[in-house]
Amino acid sequence: MSDRSVLITGASSGIGATYADRMARRGHDLVLVARDKAKLEGLATRLKEQNRVGVDVLPADLTEAADRGKVEARLRDDRRIGIFINNAGTTVPGGFAGADLDALDRLVQLNVTAVARLAAAVAPRFMAEGAGAIVNMASVLALAPEIFPGVYPATKAFVLTLSQSLQGELGPRGVYVQAVLPGATRTAIWAHAGRDVDAIPGVMDVEELVDAALVGFDRREPVTIPPLPDASQWESFSGARLAMVPNFRQSHAAARYRT
Ligand code: NAP
C-alpha cells in the first residue's frame with residue numbers, strides 16, 4: 001500500500017496533522033481536509049519540501065452538505081487514494097444541563113454523520129479493488145462514557161461500532177479497518193471542550209499517540225487503544241461481548257421477564 005495516497009480529515013491540527021506528517025515521511029502522497037485553508041496550505045508546503053511527496057489541499061466544512069459532498073466524491077472517484085484517515089472530530093463544552101441543541105446537532109453532524117458518510121463513500125471502491133484501509137478515530141470514551149459529560153462519548157461509541165460493522169463487511173473483501181481509541185491527548189480539542197489540558201492527569205503527547213496507533217495499523221489490529229497497558233483487558237471485554245451474540249436469537253423472553 002506504500003504507493004497509495006492518503007486522505008486525512010481534520011488534517012489542519014492535532015492528531016490529523018501528525019498523521020499527515022507520518023504518512024508523508026512514509027512516502028505517501030496526501031489529500032488534506034479541514035476548514036482552515038491557510039493552515040492546510042502551510043502544512044502542505046512543509047510536507048512537500050521535507051518529504052518530496054505530492055500534497056493536495058481540499059478545504060471543507062464537513063458539517064456542510066455541499067462541502068462534505070466534495071470530499072465524498074474525491075474518496076469515491078480518486079483511485080490513487082488507498083488509505084482514508086477518518087479523523088475530523090470535535091467536542092463542545094458542558095453536559096446535558098443547559099445544552100445548546102444546535103451545537104449538539106453540529107457535533108453529531110461532524111462526529112457521526114460525516115464519519116459514516118465518508119466511510120460509506122469510499123467503501124464500495126475499496127471492496128471492488130479488494131484493498132485499502134480505513135482508520136476511524138474513536139476514543140476510550142466509547143468505553144467510558146461516565147467520565148465525560150454530554151453527547152461526545154456517544155459519538156465515539158458510534159465510531160467504534162461503525163468500525164466493527166465495516167470490519168464485518170469489508171474485512172472479508174480485503175479491506176483493513178482500524179478503530180483507534182486515544183485517551184486524553186495534548187491537542188486543541190481540550191480548548192474546544194472548555195478544559196485546561198494541563199489540569200487533566202495522564203495526557204499523552206500527540207506524536208506518541210499517532211506513532212503507537214501506526215504500530216497497531218502496521219500489525220493490522222482491528223482496535224488499537226494506545227494508552228491501555230494490558231491488552232488482555234480489551235480482549236476479555238471483547239470476548240464477553242461476542243459470547244453473548246449467539247444468545248440474542250430467542251423466540252421467547254428470558255425467564256426473568258416472563259409474567
Ligand atoms: P483538534 O486538534 O481540535 O483537531 C480537530 C481537527 O478537525 C482539526 O483539523 C479541525 O480543523 C477539524 N475540524 C473541526 N471541525 C471541522 C469541520 N466542521 N469540518 C472539517 N474539519 C473540522 O483535535 P484532535 O484531538 O486532533 O482531534 C482529532 C480526532 O481525535 C477527533 O475525532 C477527536 O474526537 C479524536 N480524539 C481526540 C482525543 C484528544 O484527547 N485529543 C482523544 C480521543 C479522541 P479546522 O478547524 O481547520 O476545520
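Scroll up to find the structure this text is about.
This part is about the sheet that holds strand β4 (residues 81-86). Reading across from one edge, β3-β2-β1-β4-β5-β6-β7 is the order of the seven strands in this open sheet, with parallel pairing throughout. Every interior strand has two partners, whereas the edge strands, β3 (55-59) and β7 (223-224), have only one. Against the sheet, helix α2 (residues 37-51) makes contact with β2 (30-34) and β3, and its axis sits at roughly 175° relative to β3, the strand it touches most. Along the sheet, helix α3 (residues 65-77) makes contact with β1 (5-9), β2, β3 and β4, crossing β3 at roughly 145°.

All right, on to unusual backbone geometry then. Here Arg52, not a glycine, exhibits a phi torsion of approximately 55°, which is positive. Looking at the element boundaries, Arg52 is found in the loop between α2 and β3. Residue class for Arg52 comes out exposed when judged on its relative accessible area of 77%.

Once that is clear, we can look at the site of the ligand. Around the ligand, a shell composed of 31 residues is seen, among which Arg35, Asn87, Tyr152, Thr185 and Thr187 lie nearest. Asp61 is positioned with one of its side-chain polar atoms (N or O) 2.9 Å from a nitrogen atom of the ligand. A distance of 2.9 Å separates an oxygen atom of the ligand from a polar atom in the side chain of Lys156. About the coverage of the ligand: the protein hides 93% of its 880 Å² of free accessible area. Where the shell around the ligand is concerned, the elements lending two or more residues are α1 (14-25), α5 (152-170) and α6 (189-192). Broken down by class, the residue content of the shell around the ligand amounts to 15 nonpolar, 12 polar and four charged.

What follows is about the side chain of His28. With respect to the helices and strands, the residue His28 is situated in the loop between α1 and β2. In contact with His28, not counting residues within four places along its chain, are Met1, Ser2, Arg4, Val6, Met23, Val53 and Ile83.

Our focus in this paragraph is the nonpolar core. Counting 35 residues, the largest nonpolar core has Leu7, Leu62, Val71, Leu75 and Leu170 as its most contacted members. The set of elements that each furnish at least two residues to this core consists of β2, α3, β4, α4 (101-129), α5 and β6 (176-180). Sort the elements by how many residues they give to this core and α4 lands first, with nine residues.

Looking now at the pattern of salt bridges. As a working rule, side chains carrying opposite charge can pair if their charged atoms are close by. The tally for this structure, following the rule as stated, stands at 15 salt bridges. Asp198 is the salt-bridge partner of Arg186, the closest N and O atoms lying 2.9 Å from each other. Placement of Arg186 in the loop between β6 and α6 and of Asp198 in the loop between α6 and α7 (206-218) is noted, with a sequence separation of 12 residues between them. On the accessibility criterion, Arg186 (36% relative accessible area) is partly exposed. Among the residues examined, Asp198 registers a relative accessible area of 59% and is labelled exposed.

Parameters and conventions
Residues numbered from 1 in each chain as written. Predicted model: local features only at pLDDT ≥ 70, side-chain atom pairs only at ≥ 80, totals over all residues. Heavy atoms only, no water. Pairing = 2+ DSSP bridges. Helix = DSSP H or I, 4+ residues; strand = E, 2+ residues; numbered from the N terminus. Contact = heavy atoms within 4.5 Å. Axes fitted to C-alpha atoms, helices over the stretch in contact; angles between N-to-C directions. Buried < 20%, exposed > 50% of the residue type's maximum accessible area, 1.4 Å probe, protein only. Near = heavy atom within 4 Å. Polar contact = N/O pair within 3.5 Å; in protein donor to acceptor, adjacent residues only side chain to side chain. Areas by Shrake-Rupley, 256 points an atom, 1.4 Å probe, with all protein chains shown as cover. Nonpolar A, V, L, I, M, F, W, Y, C, P; charged D, E, K, R; others polar. Core = buried A, V, L, I, M, F, W, Y, C linked by side-chain atoms within 4.5 Å. Salt bridge = Lys/Arg side-chain N within 4 Å of Asp/Glu carboxyl O.

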